[in-house]
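Residues per chain, in single letters:
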Amino acid sequence: MSVILVIASLGAYSFYRRLDGNIEREKVGGRLGPRPAKLNNSVNILLMGSDSRDGENRKLGGSVGGGGSDTTILLHISPGGDKAVGISFPRDSMVQIPTCEKSDGGTVPGRLGMLNSAYALAGPVCTWKTIEKLTQIKIDHYMEVDMAGFIRVVDALDGVEVCVPKAINDRKAHLDLKAGRQTVRGEQALGYVRTRSGGLGDGSDLSRIKRQQAFMGSVVKKATSKGVLTDPGKTYGFLDAITKAIKADDRLTVSVMRQLAGSLKGMSAGKVRFVTVPVVAYPADKNRVIFDPARSPSLFDAIRTDNSLPPASPKPSSSSKPEQAGTTTPKPKPKDVKVVIYNTTKVDGLAARTADRLKREGYQVTKVGSLKAAASKTQILYGTGARPAAEVLAGTVPGPKPTAGPSARPGLVYLVIGKDGVKFKGAGSAIPKITGEIRADRDVCKAT
């Protein structure tokens, strides 16, 4: 994430080429299988922290255990690059893992298991495939960093600021911290984000996720600070360390990196926030969790339908003839528009959430329902005498062209939601605020 934010300030192609040569890549090919539709121009990158004990990681984590995705975050960058949200997925979540193809060609059958086991079964592409299946959000790329790479990144920043409520001495995690605000480096930084003991939180994975999110906020804030951006030596040293630390998919090319960087020039730490997927206890095992069926769908839906601002309306040509006075019909207001909403997708609750949004805009929503026949595209249909009202709705829901409905009732407007979703004028579906979310520009000691 930091690489994307900092690289946005750089423009030399040769610089990108040098950094690109540092990145280890994995071929994705057709291993993802059937995939969700992409409904907008957002960018979704799956970030994974591996606890592999291979190579230089052995001395950091020991030779026992490991081999999974210790941290899994979906980084969503809104269309236009004006804001970003990192969504953490608890590693102990019990999920349905789909059948996955290994990089060597072998196949692992689908099963119920902990989310982090998908990586252990068939590598990062299996985690990618699992998250897409669970959220129906299309992911564009993935990046992975191991423990040794994490240390190189933190040290290239000359440490990252953290804040702890009391002194910590955890020998197992190589963690010796005083109380309060301080800068951590090397193995201390790694121990800080990985430990589940030592008095930091309640020892659960959810508690550790909150600490990791606060740490990532500090990384983003420092990586986008003037000290890094205005010093060429620091900038190159930081990016060189990161590109040597990450593994990515083969589709994340130099060209893609440059395009993404260009779209992020207005990004700052204040526009980046971190949330955790809402979860509830797993009935069969109190030490495990499952995604909350009541709250998580709205988060996934908002990410999936996050939309950019609509294009500006074209200026009227100078040759256009003004309408004669007394011939215009007053344009209806939203309070005068009666709307019926039908959901034809498999996204539960989409019609109700759309209705809530339209009600806030002042519309009269007279009925909410669903249709079995799926529509490929969202439609606005109107009955006799309701064309002006349909055009008002089209101004709020840009895209569908109002069309007369053969069986539409007089005076009513019908919003039929198809596979391309609902795109509201403005910023689209607002990504809901999640209790406990963290903004990257917050005071690191706020939680203490």
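Residue positions are counted from 1 within each chain, in the order its sequence is given. The predicted nature of this model means local features are confined to residues of pLDDT at least 70 and side-chain atom pairs, given and counted, to a pLDDT of 80 or more, with totals for whole chains, interfaces and linings taken over all residues. As a convention, hydrogens and water are excluded, and side-chain values are obtained from all of the structure's heavy atoms.

### Here we look at the packing of helix 7 (residues 186-194) against helix 8 (residues 205-223)
Next, step 1: A fitted line through C-alpha atoms serves as each axis, taken over the contacting stretch for helices, and the angle formed by two N-to-C directions is quoted from 0 to 180°. Every helix listed is a DSSP run of H or I at least four residues long, and every strand listed is a run of E at least two residues long, numbered separately from the N terminus. At a minimum axis separation of 8 Å, helix 7 and helix 8 run at an interaxial angle of 135°. Here helix 8 runs oblique to helix 7, going by the angle between their axes. Along the contact surface, helix 7 presents Ala189, Tyr192, Val193 and Arg194, while helix 8 presents Arg208, Arg211, Gln212 and Phe215.
Next, step 2: For the contact of helix 7 with helix 8, the per-class residue count stands at 4 nonpolar, 1 polar and 3 charged. Should an angle lie under 35 degrees it is considered roughly parallel, over 145 roughly antiparallel, and from 65 to 115 roughly perpendicular; all remaining angles are considered oblique. By definition in these notes, contact holds between two residues if any of their heavy atoms fall within 4.5 Å. Classes in brief: Ala, Val, Leu, Ile, Met, Phe, Trp, Tyr, Cys and Pro nonpolar; Asp, Glu, Lys and Arg charged; the others, Gly included, polar.

### Some details on the sheet that holds strand 4 (residues 84-88)
Next, step 1: Taken in spatial order, the 8 strands line up as 1-14-9-2-3-4-15-23 in an open sheet, and their pairing is mixed. The open sheet is flanked by strand 1 (24-26) and strand 23 (438-439), the only strands paired with a single partner.
Next, step 2: Bridge count between strand 2 (residues 43-50) and strand 9 (residues 141-145): 5 bridges; the pairing is parallel. When the sheet's bridge partners are listed, Leu46 is paired in strand 9 with Tyr142.
Next, step 3: Along the sheet, helix 10 (residues 232-245) makes contact with strand 9 and strand 14 (246-249), crossing strand 14 at roughly 65°. Here the rule is simple: two strands pair whenever DSSP picks up at least two bridges between them.

### Quick word on the pattern of salt bridges
Next, step 1: In the sections that follow, a salt bridge refers to a side-chain nitrogen of Lys or Arg positioned within 4 Å of a carboxyl oxygen of Asp or Glu. Evaluation of the coordinates by the stated rule reveals 19 salt bridges.
Next, step 2: The salt bridge partner of Glu26 is Lys247, with a shortest N-O separation of 3.4 Å. Taken together, the residues span a long stretch of sequence, with Glu26 in strand 1 and Lys247 in strand 14 at a distance of 221 residues.
Next, step 3: One salt bridge in this structure joins Asp140 and Lys38, with 3.1 Å as the shortest N-O distance. Linking Asp140 in the loop between helix 5 (124-135) and strand 9 with Lys38 in the loop between strand 1 and strand 2, this pair joins segments that are 102 residues apart in sequence.

### Structural notes on helix 10
Next, step 1: Expected helix span is taken as 1.5 Å per residue step, with the number of steps being one fewer than the number of residues. Over its 14 residues, helix 10 runs 20 Å from end to end, which matches the ideal 20 Å to within 8%, given 1.5 Å per residue.
Next, step 2: Working definition: with a 1.4 Å probe on protein chains only, accessible area under 20% of the residue-type maximum means buried, over 50% means exposed, and in between means partly exposed. Three or more residues of helix 10 are buried, namely Thr235, Phe238, Leu239, Asp240, Ala241, Ile242, Thr243 and Ala245.

### Focus on the state of the cysteines
Next, step 1: Disulfide assignment relies on a single distance test, namely cysteine sulfur atoms paired within 2.5 Å. Evaluation of the coordinates by the stated rule reveals 2 disulfides.
Next, step 2: What pairs with Cys100 in a disulfide is Cys126, and their sulfur atoms sit 2.1 Å apart. Between Cys100 and Cys126 the disulfide shows an S-S torsion of about 75°. By sign, it is right-handed. In this pair, Cys100 is assigned in strand 6 (residues 100-101) and Cys126 in helix 5, connecting sequence segments 26 residues apart. Per residue, the accessibility class of Cys100 equals that of Cys126, and both read buried.
Next, step 3: Disulfide connectivity for the protein, with bonded cysteines indexed by sequence position, reads 1-2, 3-4.

By themselves, these figures tell us nothing about what the structure is for.
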